[in-house]
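The primary structure of each chain is shown beneath.
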Amino acid sequence: MQDVTTTEPNPSRARIPKGIWVLGFVSMLMDISSEMIHALLPVYLVTVLGTSTLTVGFIEGIAEATASITKIFSGALSDWLGKRKVLAALGYGLAALTKPLFPLAPSAGWLVAARFIDRVGKGIRGAPRDALIADIAPAGLRGASFGLRQSLDTIGAFVGPLLAILLMWWTSDNFTAVFWVAVLPAFLSFALIAFAVSEPEPAAGQEATGNPLNFAAMRQLGAVYWRIVAVGIVFTLARFSEAFLILRAQNIGLNAMWVPAVLVLMNIVYALSAYPAGVLSDRINRTGLLALGLVFLAGADLALALLPSLAGLALGVVLWGLHMGLTQGLFAALVADSAPPSLRGTAFGYFNLFTGIAMLAASIIAGALWDNFGPAVTFLAGLGFALVSLAGLLAIGNGITQAASAAEKQ
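Note on numbering: residues in each chain are counted from 1, in written sequence order. Given that the model is predicted, a residue must reach a pLDDT of at least 70 before its local features are reported, and side-chain atom pairs must reach 80 or more before they are shown or counted; all residues, however, enter totals for whole chains, interfaces and linings. For side-chain calculations, the full set of non-hydrogen atoms in the structure is used, while hydrogens and water are omitted.

(A) Representation of the overall build of the protein chain. Check the secondary structure of the protein chain and you find 19 helices and zero strands. Only protein chains enter the accessibility calculation, which uses a 1.4 Å probe; a residue whose area is less than 20% of its type maximum is buried, one above 50% is exposed, and one in between is partly exposed. Within the span of the protein chain, comprising 410 residues, buried residues form 59% of the whole. Here, two residues are considered to be in contact whenever any of their heavy atoms come within 4.5 Å of each other. Of the contacts formed within the protein chain by residues at least 6 apart in sequence, a portion of 87% connects residues at least 24 apart. Entry remark: accessible area of the protein chain is about 15400 Å², with carbon and sulfur atoms responsible for 69%. Helix and strand definitions follow DSSP, with helices as H or I runs of at least four residues and strands as E runs of at least two, each counted in order from the N terminus. The Shrake-Rupley method, run with a 1.4 Å probe, gives the accessible areas here. Residue values count only the displayed protein chains as cover.

(B) Highlighting a nonpolar patch on the surface. Taken together, the side chains of Leu302, Leu306, Leu307, Leu315 and Leu380 present a nonpolar region at the surface, about 420 Å² in accessible area. Counting through the fold element by element, leucine 302 comes out in helix α14 (residues 286-306). Candidates for patches are residues over 30% relative accessible area with no salt bridge; among them, like charges are joined within 9 Å and nonpolar side chains (Val, Leu, Ile, Met, Phe, Trp, Tyr) within 5 Å. By convention in these notes, a salt bridge is any Lys or Arg side-chain nitrogen within 4 Å of a carboxyl oxygen on Asp or Glu.

(C) Fine view of the pattern of salt bridges. For the structure on display, the rule yields five salt bridges. With its nearest N and O atoms 2.6 Å apart, the salt bridge here joins aspartate 118 to arginine 119. Assigned by exposure class, aspartate 118 and arginine 119 land together as buried.

(D) Structural view of the side chain of threonine 327. Here threonine 327 lies in the loop between α15 (310-325) and α16 (328-338). Relative accessible area serves as the criterion here: at 0%, threonine 327 is assigned to the buried category. Polar contacts, as used here, are pairs of N or O atoms within 3.5 Å; protein pairs need one atom able to donate a hydrogen and one able to accept it. Residues neighboring in sequence count only if both atoms are side-chain atoms. Here the side chain of threonine 327 touches histidine 323 through a polar contact of 2.8 Å, landing on its backbone oxygen. The contact partners of threonine 327, leaving out residues within four places of it in the chain, are Phe235, Leu290 and Gly293.

(E) Quick peek at the packing of helix α4 (residues 85-98) against helix α9 (residues 183-196). Contact geometry of α4 with α9 gives a least axis separation of 8 Å together with a crossing angle of 165°. Judged by the inter-axis angle, α4 sits roughly antiparallel to α9. Taken as a pair, α4 and α9 cross one another with a handedness that is left-handed. Contacts from Lys85, Ala88, Ala89, Tyr92, Gly93, Ala96 and Leu97 in α4 reach Ala186, Phe187, Ser189, Phe190, Ile193 and Ala194 in α9. Any residue that is not Ala, Val, Leu, Ile, Met, Phe, Trp, Tyr, Cys, Pro, Asp, Glu, Lys or Arg is counted as polar, Gly included; the first ten are nonpolar and the last four charged. A class-by-class count of the residues in the contact of α4 with α9 yields ten nonpolar, two polar and one charged. Axis lines are fitted through C-alpha atoms, for helices just across the contact stretch, and the angle between N-to-C directions can take any value from 0 to 180 degrees. Orientation categories follow fixed angle ranges, with anything under 35 degrees roughly parallel, anything over 145 roughly antiparallel, 65 to 115 roughly perpendicular, and all other angles oblique. Should the near helix be turned anticlockwise from the far one by less than a right angle, the crossing is left-handed, and should it be turned clockwise, the crossing is right-handed.

(F) View of the confidence of the model for the protein chain. Looking at the protein chain, the pLDDT average stands at 79 and 86% of residues meet or exceed 70. The pLDDT score gives, residue by residue, the confidence of the prediction method on a 0 to 100 scale. Mean pLDDT across the elements of the protein chain ranges from a minimum in helix α19 (residues 402-409), with 48, to a maximum in α9, with 92. This model gives residues 1-14 a pLDDT under 50, and the stretch forms 37 contacts once residues within four places in sequence are excluded. In the predicted structure, residues 406-410 sits below a pLDDT of 50 and forms 16 contacts with residues beyond four places in sequence or in another chain.

(G) Examining the nonpolar core more closely. Of all hydrophobic cores here, the largest spans 107 residues; its most connected members are Phe146, Ile193, Tyr225, Trp320, Phe348 and Phe379. If you look at the next biggest cluster of nonpolar residues, it comprises five residues, including Ala39, Val43, Ile246 and Leu263. To define a nonpolar core, start from buried Ala, Val, Leu, Ile, Met, Phe, Trp, Tyr and Cys residues and group those joined through side-chain atoms within 4.5 Å.

(H) Representation of the packing of aromatic side chains. What counts as a ring pair is set by centres within 6.5 Å for rings of Phe, Tyr and Trp (its six-membered ring), and what kind of pair is set by the plane angle: stacked under 30 degrees, edge-to-face over 60, tilted for all other angles. If you walk through the whole model with that rule in mind, you get ten aromatic pairs. With 6.0 Å between their ring centres and 40° between their planes, phenylalanine 146 and phenylalanine 348 make a pair best called tilted. Taken together, the positions of phenylalanine 146 in helix α7 (residues 142-170) and phenylalanine 348 in helix α17 (residues 344-373) put the pair 202 residues apart, joining distant regions of the chain. Judged by its relative accessible area of 2%, phenylalanine 146 is buried.

(I) The side chain of serine 74, seen in detail. Take serine 74: it is sitting in helix α3 (residues 53-81). There is a polar contact of 3.0 Å between the side chain of serine 74 and the backbone oxygen of glycine 123. Only 3.2 Å separates the side chain of serine 74 from the backbone oxygen of isoleucine 124, close enough to count as a polar contact. Look past the residues within four positions of serine 74 in its chain and what remains in contact with it is Leu87, Gly123, Ile124, Ala127 and Pro128.

(J) Structural view of the packing of helix α1 (residues 18-38) against α9. In contact at an axis separation of 7 Å, α1 and α9 are set at 160° when each is read in the N-to-C sense. By the angle between their directions, the pair α1 and α9 is classed as roughly antiparallel. The hand of the α1/α9 crossing is left-handed. In this structure, α1 contributes Val22, Leu23, Phe25, Val26, Leu29, Met30, Ile32 and Ser33 to the contact, and α9 contributes Pro185, Ala186, Leu188, Ser189, Leu192, Ile193 and Ala196.

(K) Expanded view of α17. Here the expected length of a helix is defined as 1.5 Å per residue gap, with one fewer gap than residues. Under the 1.5 Å per step criterion, the end-to-end length of α17 is 42 Å for 30 residues, consistent within 8% with the ideal 44 Å. With its phi angle positive at about 100°, glycine 374 sits one or two positions after the end of α17.

(L) Focus on the environment of valine 22. Relative to the assigned elements, valine 22 resides in helix α1. Of the residues examined, valine 22 reaches a relative accessible area of 11% and is grouped as buried. A sequence separation of 130 residues divides valine 22 from leucine 152, and the C-alpha atoms of the two residues are 9.9 Å apart. Excluding its chain neighbours within four sequence positions, the residues that come into contact with valine 22 are Leu192, Ala196 and Val197.

(M) How the structure looks around the environment of lysine 85. Within the element layout of this structure, lysine 85 appears in helix α4. When the C-alpha positions of lysine 85 and arginine 129 are compared, they lie 7.0 Å apart, and in sequence the two are 44 residues distant. Each residue touching lysine 85, except ones within four places of it in the same chain, is listed here: Leu132, Ile193, Ala194, Val197 and Glu199.

Encoded structure:
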């Protein structure tokens, strides 16, 4: 099949609508809050509360799967109502309200409950927010718009752990104090989306959507969309939770204060690569960039498995961050490209549902392998899944390029 580029215009930040920037800062503030907590939570559960690595994997998998399952309902509801901002704001508000539960939790059970509710909030906001970005962004700037939001989001994802490191040092490893500080940016994030984001009117001639959770709507999403979902599932099986990067850092000897540096490094690389990858994907075929991302993931797994040292850890984390930057925003752009405008919320919901289930499976498998065979086998298994994913992507990649044609027709 002929290789198809996605657009002719030259994307630039100046042309990206204001609403995309605001939504990026909303994501950034919430990620600062969330990552201050999540950078410490696996170590806190294992070293302070005495849970097993398998339990950490199960908690992380359940948390992300919960968010993904919720997204299908919130995304479909946003299509049915024709309103996306109110659901996105509700999700950010719920996540903000759960943040005080982390410093107040008296036991592991309470922490699991707080993590669960927090991910419900993420699930409520995720698909409507992504559909709102697709509604706001011009077709020729979708890759750049999703890449920009992802970069700003990821800035929060490394600022959060960096603040956690500084606060752990300042408070002499006082986990509870760090969790309390994390409450503030969460409420700032909610205020920003509530008062600074405007939702565009539906496009002229766009038909109202009835109940989108039916087989007719699934067929309407089209074959190209479902190929993208299939690739996303296999990708996710190859990429388990970043909690295992934190545990690998602890495994090679980093103390609790410095363990969040793993997420700082990964997310700096992620933030620096996501926006350029999005801009590039508006000019060339997106499939090639996804394949390159898988190559970086395979390299990360290899380094983390075979180089149990600070240098090996740093190399693996950098490659992991490059993989994230080259894949996550691109998947969102591909979903937006391939889905009808009236079903974008549902499309993001289904995509996140199925990849969330894959994340649950991947994290549980990784935790079981770690407990029974050690970290090296865990990352070698990830390498195997990455190579299988790469082979599958190369086999069906030509079909995915049809998403570019769909974008130009909308």
